[in-house]
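# Coordinate inspection notes
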Amino acid sequence: MLYTIPVLNLKKYLAAAVVTTTLVSSCLVSSAQKQMENLDRGLIAVNEGQGKVFLSWRMLGTELDNIAYNLYHQTGNRQAIKLNPQPLTGGTNFTEAGVDSTQSNTWFVKAVVNGHEEAAGKPCMLKANATAQPYLSVPLRTPQGYTPNDASVGDLDGDGEYEIVIHQTGRGRDNSQSGLTDPSILQAYKLDGTFLWQINLGHNIREGAHYTQFMVYDLDGDGIAEIACKTADGTIDGRGKVIGDSTKRYANNQGRILEGPEYFTIFDGRTGAALATTDYIPARGDISKWGGKGGNGGNDSYGNRVDRFLACIAYLDGIHPSVVMCRGYYGRTVLAAWDWQNHKLTSRWVFDTHDMDNPYSGMGNHNLTVADVDGDGKDEIVYGSMCVDDNGKGLYTTGLRHGDAVHVSDLDPSRPGLEVFGVHELEDGAKGIGTAFFDAKTGEILWKGDMDMDVGRGLSADIDPRYAGVENWGGTEGLKTCKGEKIGISPRSVNFAVWWDGDLLRELLDGNKVYKWDYTTSVMNPLLTATGCLANNGSKSTPALSADLFGDWREEVVLRTQDNQALHIYTTTIPTTYRFRTLMHDPQYRVSIAWQNVGYNQPPYTSFFLGDGMKKPAKPNITLVKKK
């Protein structure tokens, strides 16, 4: 059955206007707690060979600073042995020697609070009697002719452990290209490879990086993550039920889908069943009215700019997560915020620039990010060169137009609040700023570079401890400090960053390798080579996913195998003395993982500066939601 709610009449909105269809409290929510996943310890045990086992576990976001841990090892049916003589108060990792990997080995952690040992958590998910390897292998049911592409995670069954949703891609097309595509397929797996469900988005959803955005998140606070994405006639949910009319085929003779209804659907994380479907906001309208100021300022009438989609999760009321589905960024731009509560899908607001003459038109990226830029406890959407406030109104626009990468965090810890570093695509001789660093709250440009240059890549990460804050690079002007001062040549890798080794600097992730930047010699030294694995998305060379999935606060890297039959989740085995709460309980970082699959994938960032010389981060203001 097709469940619908009325489509709002977008023509009645003024440019950049807001329509609110749910009552939202006007009181301040700076003290409100954001609903987050109730994760388990995420304990892992990695066989390093020669009897060594590296153990790592989570410090949860709600735990006090003075919490300690006891670590236990049980062999077969023997009595468990405590591995640490005194409660562990440093990094949440431990290396055990002399382990007999031919035996059945189990580890578990007990928290120690004010001297009292609490009950044991779930035993480790990765046993040390596995082959010595720094990864977890997740076998896949990849359809013939398909390739595992972007992934996301959520607790799909409420057990405190993440499951993986993988986008399986067949023949795809960029928006600028004609031709038919294969249906997009979403599949869900547990970390042990248990197959959960498959959603086939059907022939009326075009496959490509700019079409198929999918959000995985617990939207209604029941402890079970949902999946949200654009659907159409012929989409088949995880239980085999068809949305709309399966007999319809809307692709024209160029393979483009410019006719027929467009839907937005919420799916159940446990089964993949469609829970609610409504009309997608906004509708296509006149497809020749989506061009404008972004990039080269051009336009088209064949369906390129109208079908540029983005999506994200944002805590717009400071408590509950909303889904924001987006269309357009070269010219007209529309963001539609949705709430899924009490089994009902409702529209929160719609931001619409209406046409190319609006100052917010043409300011979008091939990606976006979400952060509380004004410190009021509610999230804003940084949509490249503009920012949309939590209430759906335009907060500011820098006027710098379209770009391929944007990064938001406390990039300059000497300044209050958050900053943005972005690169800008100036095609066909367009004039303007190629790289810019600006205040995330006001849009004030703090420094700029690469004038009149078309800059396609850019990255922010703390890779040099000699300078405060992050370093930034992209374009032709080399490596710069957070103040815009040039300090040398930049790394050749400009795709992804990952916290991997034991210090506070960030490492570089490019293809199937993790590199350490040697700031004294300006050389990238490999720390990990994921042999037998491949990255995705052509020259973007990005992982299926990179996130703090289990273990301590360092990030895991998810890559597909060369035969496309498995995902390998790589985890670090380098000890660290630094201890942080799991990054997945930092709301900005967690929603970064949700939007990582959108458009041109970008690395996630925390709401605080995580790097050399950092201040101790505050305990996140969150509440953990258990399965109901």
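It should be emphasised that the depicted structure is a prediction, and the values quoted were computed from it without experimental measurement. (Residues numbered from 1 in each chain as written. Predicted model: local features only at pLDDT ≥ 70, side-chain atom pairs only at ≥ 80, totals over all residues. Heavy atoms only, no water.)

The number of helices and strands found in the protein chain is one helix and 44 strands. What you see for the protein chain is a C-alpha radius of gyration of 24 Å, in line with the 25 Å of a compact globule of 628 residues. For the protein chain, the C-alpha atoms occupy an extent of roughly 70 × 55 × 50 Å along the three principal directions. Look at the contacts in the protein chain between residues 6 or more apart in sequence, and 62% of them connect residues 24 or more apart. Computed over 60 positive and 74 negative side-chain charges, the inter-centroid distance for the protein chain is 2 Å. (Helix = DSSP H or I, 4+ residues; strand = E, 2+ residues; numbered from the N terminus. Rg over C-alpha atoms; globule rule 2.2 N^0.38 Å. Contact = heavy atoms within 4.5 Å. Lys, Arg positive; Asp, Glu negative; His and termini not counted. Charge placed at Lys NZ, Arg CZ, Asp CG, Glu CD.)

UniProt annotation of "domain: Rhamnogalacturonan I lyase beta-sheet" (unreviewed entry) refers to residues 34–122 when read in the numbering used here. Along residues 34–122 one finds 0% helix and 48% strand; the C-alpha atoms at either end are 25 Å apart. (UniProt positions renumbered as here; feature names shortened; annotations may be inferred.)

The next subject is the packing of aromatic side chains. Per the stated rule, a full pass over the model turns up 13 aromatic pairs. Measuring from ring centre to ring centre gives 5.2 Å for F437 and W447, while their planes differ by 10°; the resulting arrangement is stacked. One end of the pair, F437, is in strand β30 (residues 435–439); the other, W447, is in strand β31 (residues 445–449), and ten residues separate them in sequence. The pair formed by F437 and W447 is uniform in burial state, with each residue classed as buried. Taking 5.0 Å as the distance between ring centres and 85° as the angle between the ring planes, the aromatic pair formed by W553 and F580 counts as edge-to-face. In this pair, W553 sits in the loop between β41 (545–547) and β42 (556–561) while F580 sits in the loop between β43 (566–570) and α1 (587–595), placing the two residues 27 residues apart along the sequence. In terms of burial, W553 and F580 fall into one category: buried. What links up through ring pairs into an aromatic cluster is the set F421, F437 and W447. Sitting over the ring of W290, R327 keeps its end group 6.0 Å from the ring centre. In this structure, R506 is placed above the aromatic ring of Y605, and the distance from its NZ or CZ to the ring centre is 5.3 Å. (Phe/Tyr/Trp six-rings, centres within 6.5 Å; stacked < 30°, edge-to-face > 60°. Buried < 20%, exposed > 50% of the residue type's maximum accessible area, 1.4 Å probe, protein only. Lys NZ or Arg CZ within 6 Å of the ring centre and 35° of its normal.)

Right, let's get into the UniProt feature "domain: Rhamnogalacturonan lyase family 11 C-terminal" (unreviewed entry) in the protein chain. The sites that carry the UniProt feature "domain: Rhamnogalacturonan lyase family 11 C-terminal" (unreviewed entry) are, in the present numbering, residues 144–620. End-to-end, the C-alpha atoms of residues 144–620 are 44 Å apart, and along that stretch the chain is 2% helix and 34% strand.

The sheet built from three strands is open, its strands ordered β2-β3-β6 with antiparallel pairing. The sheet terminates laterally at β2 (44–49) and β6 (93–96), the two strands that pair on one side only. Neighbour-to-neighbour, the strand axes of this sheet turn through a mean angle of 20°, independent of strand direction. (Pairing = 2+ DSSP bridges. Axes fitted to C-alpha atoms, helices over the stretch in contact; angles between N-to-C directions.)

Before going further, it helps to examine the side chain of Q213. Along the chain, Q213 falls in the loop between β13 (195–200) and β14 (214–217). Here the side chain of Q213 touches H210 through a polar contact of 3.4 Å, landing on its backbone oxygen. For Q213, the side chain forms a polar contact with the main-chain oxygen of F309, separated by 2.8 Å. Those residues in contact with Q213 that sit more than four places away from it in its chain are A228, C229, K230, F309, L310, A311, N597, V598 and G599. (Polar contact = N/O pair within 3.5 Å; in protein donor to acceptor, adjacent residues only side chain to side chain.)

This part takes up the pattern of salt bridges. Enumeration over the complete set of coordinates arrives at 34 salt bridges. For K122, the salt bridge goes to D40, with nearest N and O atoms at 3.0 Å. One end of the pair, K122, is in the loop between β8 (116–120) and β9 (135–139); the other, D40, is in the loop between β1 (34–37) and β2, and 82 residues separate them in sequence. Between D339 and R348 there is a salt bridge; the shortest N-O distance is 3.0 Å. Overall, R348 belongs to the buried group, its relative accessible area being 8%. (Salt bridge = Lys/Arg side-chain N within 4 Å of Asp/Glu carboxyl O.)

Between I281 and the following residue, P282, the backbone shows a cis peptide bond with an omega angle of 5°. Summarising the element assignment, P282 is placed in the loop between β19 (274–279) and β20 (309–314). Here the phi dihedral of D452 falls at roughly 60°; this positive angle occurs in a residue that is not glycine. By secondary structure assignment, the location of D452 is in the loop between β31 and β32 (459–461). The phi dihedral of N537 falls on the positive side, at around 65°, and the residue is not glycine. Within the secondary structure layout, N537 lies in the loop between β40 (533–534) and β41.

Moving on, we come to the pairing of β43. Most of β43 is tucked away: five of the five residues are buried. Here β43 shows no split at all, with A566, H568 and Y570 on one side and L567 and I569 on the other all buried. In this sheet, β43 lies alongside β9 in antiparallel orientation, the contact comprising five bridges. The partner of L136 across the bridge, within β43, is I569. Inspection of the sheet shows β42 paired to β43 by four bridges, in the antiparallel sense. Within the sheet, the bridge partner assigned to V557 lies in β43 and is Y570.

Ranked by size, the top nonpolar core spans 53 residues in total, and within it F264, L335, I381 and Y383 carry the most contacts. Among residues more than four places away in sequence, those in contact with L335 are V324, M325, C326, W349, V350, F351, I381, Y383, M386 and V388. (Core = buried A, V, L, I, M, F, W, Y, C linked by side-chain atoms within 4.5 Å.)

The next thing to look at is the sheet that holds strand β22 (residues 334–341). In sheet architecture, strand pairing relies on hydrogen bonds along the backbone and comes in two forms, parallel and antiparallel. As summarised here, the arrangement of the four strands in space is β20-β21-β22-β23, forming an open sheet in which the pairing is antiparallel. Two strands bound the open sheet, and with one partner strand each, they are β20 and β23 (344–352). In this sheet, adjacent strand axes meet at a mean angle of 20° when their direction is disregarded. As paired strands, β20 and strand β21 (residues 322–327) are joined by six bridges and run antiparallel to one another. Among the inter-strand pairings, A314 is bridged to a residue of β21, identified as S322.

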